[in-house]
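Structural overview
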Amino acid sequence: MVGCGVDEEGLEQLISTTVDAYVEKYKKSPFIVVDNLLDCHIEGNTTPIDEQNSIVATLEREYSCSIYHLPLRIQRRLPIYLTKELEIQICVDHYEYWAWSVEVFAHFERELEIPHSVEGNFFTPFRGALMSFEIIQTITDPYAKKFLEDKPFIVASASFLVLEAIIRQLCVRHGASQKEVENLRGLLPLAQKLLSLIRKSSGVSQEFKQDLDEFMEAVDTIWAPQVEKELNGNSTSLNTFREQGKQGLKGWRVIARWRNSLYHGNNTWLPKVYGVVLNLISLLMWHQVPDDKYEDSINDLMAKIENNKNDAWWLRDMNGSERVRAFDIYLPSD
């Protein structure tokens, strides 16, 4: 059943308070001890906080449901909350959401009109993100193992490629000419064009505009202070960065800086960047999933996941307390 049997407002309030508590508890806990949580890549830790305060654990405890049961409106807004969690780490909530998103995007592939330029690679960053570090460590080929241990760098690179292809497609869908879009170079010009088009378009829901703005506000609130600190010795770049924020590009300017640093070889250490970019891709694509078809079409997919969870009983310990992970129950879609 889509919706967990709870009204959407109640569900979102639960998710919001859960995420706030998750972040605050981690900041005060002894489980991760680093100088700056924003400046390190942390992934896959399972602590008492995750077992009690993650979105996945809270939904299971309060309503006996999972992320894939959530209604479409909440699926579209989850990237905002998952991005707030990235202040701490990439965790079970992200794995579950990205895995479910892949199932849904593959199911609605025709309706989503995945950009031709990345048609064969659209799912690559999601699959890379869902690679378990535990499994990577079991690989015997030393070159394959070393390559996959660079997962944050590899997935970030693939994520930016897919993101820009999606933005170009959305610009054309909302009124830009193909030639005009092809002449745009860089993430910020593309973002400016997209924002201009969707703000003028009567065919774009207010919910989409609101969700995208809230997502970017979250990115800006968490990471812009760190970027400004890095730019403090370069007054020209710092002034440019601040001016971009005044132009309505909050959040986008942070992501564009990460993208440019990566592609121009200025900085290859990008903590949790791929998580932010995958969340943005998910937000953009979930808003293209057809409202009228979602609930009717999704029952078979939910049944598939339920069956996979039942088949994975052997992954639990004798008391049934070990959580079956997204790695174990979501298989590649094609």
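Preceding this paragraph is the structure being described.
Figured I'd write up the structure that's included with this text. All figures in this text were calculated on a predicted structure; none of them were measured in a lab. (Residues numbered from 1 in each chain as written. Predicted model: local features only at pLDDT ≥ 70, side-chain atom pairs only at ≥ 80, totals over all residues. Heavy atoms only, no water.)

**Notes on the overall build of the protein**
What the protein contains, in helices and strands, is 18 helices and zero strands. Over its C-alpha atoms the protein spans a radius of gyration of 20 Å, differing by no more than 12% from the 20 Å that the globule rule assigns to 334 residues. Dimensions of the protein, computed from the C-alpha atoms along their principal axes, are close to 60 × 50 × 45 Å. Residues classed as buried in the protein amount to 54% of the 334 residues present. A separation threshold of at least 6 residues defines the contact pool for the protein, and within that pool the share at least 24 residues apart is 75%. As presented, the protein carries roughly 15,900 Å² of accessible surface, and 49% of it is formed by carbon and sulfur atoms. Side-chain charges in the protein split into 35 positive and 49 negative, and the spacing between the mean points of these groups amounts to 7 Å. (Helix = DSSP H or I, 4+ residues; strand = E, 2+ residues; numbered from the N terminus. Rg over C-alpha atoms; globule rule 2.2 N^0.38 Å. Buried < 20%, exposed > 50% of the residue type's maximum accessible area, 1.4 Å probe, protein only. Contact = heavy atoms within 4.5 Å. Areas by Shrake-Rupley, 256 points an atom, 1.4 Å probe, with all protein chains shown as cover. Lys, Arg positive; Asp, Glu negative; His and termini not counted. Charge placed at Lys NZ, Arg CZ, Asp CG, Glu CD.)

**Observations concerning the environment of V19**
Relative to the elements of secondary structure, V19 occurs in helix α1 (residues 8-28). Through-space distance from the C-alpha of V19 to that of Y81 is 6.6 Å; in sequence the pair is 62 residues apart. Excluding residues that lie within four positions of it along the chain, V19 makes contacts with I55, Y81, K84 and E85.

**Structural notes on the packing of α1 against helix α3 (residues 55-63)**
Interaxial distance between α1 and α3 falls to 10 Å at its minimum, and their mutual angle equals 135°. Regarding the angle of α1 to α3, the classification is oblique. In this structure, the crossing between α1 and α3 has a hand that is right-handed. Of the residues in α3, those touching α1 at L11, L14, I15, T18 and V19 are I55, T58, L59, E62 and Y63. When the residues that make up the contact of α1 with α3 are grouped by side-chain class, the tally is seven nonpolar, two polar and one charged. (Axes fitted to C-alpha atoms, helices over the stretch in contact; angles between N-to-C directions. Parallel < 35°, antiparallel > 145°, perpendicular 65-115°, else oblique. Left-handed = near helix turned anticlockwise from the far one by under 90°. Nonpolar A, V, L, I, M, F, W, Y, C, P; charged D, E, K, R; others polar.)

**Things to note about helix α12 (residues 187-200)**
Its 14 residues place the ends of α12 20 Å apart at the C-alpha level, agreeing with the 20 Å of an ideal helix rising 1.5 Å per residue. Among the residues of α12, L187, L188, L190, A191, L194, L195, L197 and I198 are the ones counted as buried. (Expected span 1.5 Å × (residues − 1).)

**Topic: the nonpolar core**
Formed by 107 residues in total, the largest nonpolar core has its most connected members in W100, F105, F122, L212, W252, I255 and I281. In terms of residues, this core owes the most to one element, helix α16 (residues 273-286), which gives eleven residues. (Core = buried A, V, L, I, M, F, W, Y, C linked by side-chain atoms within 4.5 Å.)

**What to know about the packing of helix α13 (residues 206-230) against α16**
Two elements in contact, α13 and α16, have axes separated by 11 Å at closest approach and are oriented at 170°. In terms of their interaxial angle, α13 and α16 are classed as roughly antiparallel. Facing F208, D211, L212, F215, M216, V219 and W223 of α13, the residues of α16 in contact are V276, N279, L280, L283 and L284. Residue composition of the contact of α13 with α16, grouped by class: ten nonpolar, one polar and one charged.

**Side note on the pattern of salt bridges**
Taken as a whole and assessed by the stated rule, the structure comprises 19 salt bridges. The salt bridge involving R61 is made with E62; its shortest N-O contact spans 3.5 Å. Between D211 and R73 there is a salt bridge, with its nearest N and O atoms 2.7 Å apart. A residue pair is termed long-range when its members are at least 10 positions apart, and D211 in helix α13 and R73 in helix α4 (residues 72-85) qualify at 138 residues. Taken individually, D211 and R73 each receive the classification buried, so the pair is uniform in this respect. (Salt bridge = Lys/Arg side-chain N within 4 Å of Asp/Glu carboxyl O.)

**Comments concerning the side chain of E12**
Looking at the secondary structure, you find E12 in helix α1. Residue classification places E12 among the buried residues on the basis of a relative accessible area of 19%. Ignoring sequence-local partners within four residues, the contact set of E12 consists of I74, R77 and Y81.

**Structural notes on the packing of aromatic side chains**
A complete count under the given rule lists twelve aromatic pairs for this structure. Measuring from centroid to centroid gives 6.2 Å for F105 and F122, while their planes differ by 65°, and the two rings are edge-to-face. Taken as a pair, F105 in helix α5 (residues 92-107) and F122 in the loop between α6 (109-112) and α7 (124-129) lie far apart in primary sequence, 17 residues in all. The class for F105 is buried, based on a relative accessible area of 0%. The residue whose ring lies beneath R253 is F241, and the NZ or CZ to ring-centre distance is 4.0 Å. (Phe/Tyr/Trp six-rings, centres within 6.5 Å; stacked < 30°, edge-to-face > 60°. Lys NZ or Arg CZ within 6 Å of the ring centre and 35° of its normal.)

**Details of α4**
The periodicity of an α-helix, 3.6 residues per turn, causes residues three or four positions apart to be oriented the same way. An ideal rise of 1.5 Å per residue puts 20 Å on 14 residues; α4 measures up with 21 Å between its terminal C-alpha atoms. Along its length, α4 reaches its greatest deviation from straightness, about 35°, at L78, and the proline P79 lies no more than four positions downstream. Most of α4 is tucked away, with 13 of its 14 residues classed as buried. (Bend = angle between axes of the 7 residues up to and from the residue.)

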